[in-house]
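# Fold and contact review
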Amino acid sequence: MSDRPDEAVSISVTENGPYMVEGAVEIRDALGETVSEEGKAFLCRCGRSSNKPFCDGTHKKVGFDGTETADKGPIADRRDAYEGEEVTILDDRSVCAHAGECTDGLPAVWKLGVEPWIDPNAAPADEIRAVIGRCPSGALGYAEPGSGEAAEEKPMSPAVKALVDGPYRVRGGIPVRSADGEAYEVRGRQTLCRCGGSSNKPFCDGTHWKGFKDPDEASRGPAGNE
Ligand code: FES
């Protein structure tokens, strides 16, 4: 397994249209079913397709504005560092998908409504690293205290999963290319907007919480987001 997949594996954002996924990438829908394993797939980006996760052309009928506003620079330039005694927590709010792994997993460390909202000394470092490892968007990272460098990501196979009522979870360092042809930084974990409403397209910014829903069937399934 590698977190640097073959160059033929990629995701291209199309102008006001779907994501084009190319190469040997497992794609799972919100039910957890594998719907594609290689080749070319067009995944809904406007949130309105009747054939999710695939595009059915609805973006044209609804006049979807898929303008990308996300920063293409390295996450290292955007992350805030919360230095603790045993671990430094790194945080880039701009790409957080609000999955809640951190606030649910260690609420004493990630404290909603409190400033500073991260306390890196409020739990053992190994528990903090484990929670960060579950962050689907990669907004969170960690470093050794005193080191400016984020720890390396665990290698994962290239995979895309539609999270229930949420974004596409993208793993395995799949390159994402903007509709203007420019590449985003390759990251091991990313979440791409699937509801159409993010203000930081193509990445999820948590806006799906305002009401984006998969069909009931999907939400009921053993869908799981594992
Ligand atoms: S899916 Fe999260 S903001 Fe669109």
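Residues numbered from 1 in each chain as written. Predicted model: local features only at pLDDT ≥ 70, side-chain atom pairs only at ≥ 80, totals over all residues. Heavy atoms only, no water.

## Notes on helix 3 (residues 125-133)
The complete set of buried residues in helix 3 reads Ala125, Ile128, Val131 and Ile132. Projection of helix 3 onto a plane perpendicular to its axis shows the buried side chains occupying an angular sector of 125 degrees, all on one side. (Buried < 20%, exposed > 50% of the residue type's maximum accessible area, 1.4 Å probe, protein only. Helix = DSSP H or I, 4+ residues; strand = E, 2+ residues; numbered from the N terminus. Arc of directions from axis to C-beta.)

## Some thoughts on the domain arrangement of the protein
Here the domain parsing of the protein yields domain 1 (10-69 + 155-218) and domain 2 (80-143). Computed over C-alpha atoms only, the centres of domain 1 and domain 2 are separated by 25 Å. Of the roughly 880 Å² buried where domain 1 meets domain 2, counting both sides, 45% is carbon and sulfur surface. In terms of surface lost to domain 2, no three residues of domain 1 exceed Arg187, Arg189 and Thr191, which account for 49% of the buried area on that side. For the interface between domain 1 and domain 2, the tally reads 0 salt bridges. Taken together, the links from domain 1 to domain 2 amount to 6 residue pairs in polar contact (both at pLDDT 80 or more). The greatest single-element share of the side of domain 1 that touches domain 2, amounting to 3 residues, is contributed by strand 12 (residues 189-192). Residues that form the side of domain 1 that touches domain 2 fall into these classes: 4 nonpolar, 5 polar and 4 charged. (Domains from an automatic or database assignment. Buried area = accessible area lost by both parts, 1.4 Å probe. Salt bridge = Lys/Arg side-chain N within 4 Å of Asp/Glu carboxyl O. Polar contact = N/O pair within 3.5 Å; in protein donor to acceptor, adjacent residues only side chain to side chain. Nonpolar A, V, L, I, M, F, W, Y, C, P; charged D, E, K, R; others polar.)

## Concerning the packing of aromatic side chains
Here a ring pair, both rings aromatic, is described through the centre-centre distance and the interplanar angle of the planes. Overall, the coordinates contain 2 aromatic pairs when judged by the stated rule. For the ring pair Tyr19 and Tyr168, a centre distance of 5.7 Å and an interplane angle of 90 degrees mean the geometry is edge-to-face. Separated by 149 residues along the polypeptide, Tyr19 in strand 2 (residues 19-22) and Tyr168 in strand 10 (residues 168-171) bring together distant segments of the chain. In this structure, Tyr19 and Tyr168 share a single accessibility class: buried. Pairing Tyr184 with Phe203 gives two aromatic rings, centres 5.2 Å apart and planes at 80 degrees, and the pair type is edge-to-face. Linking Tyr184 in the loop between strand 11 (176-177) and strand 12 with Phe203 in the loop between strand 12 and helix 4 (216-220), this pair joins segments that are 19 residues apart in sequence. A residue is classified by how much of its surface remains accessible, and Phe203, at 4% relative accessible area, is buried. (Phe/Tyr/Trp six-rings, centres within 6.5 Å; stacked < 30°, edge-to-face > 60°.)

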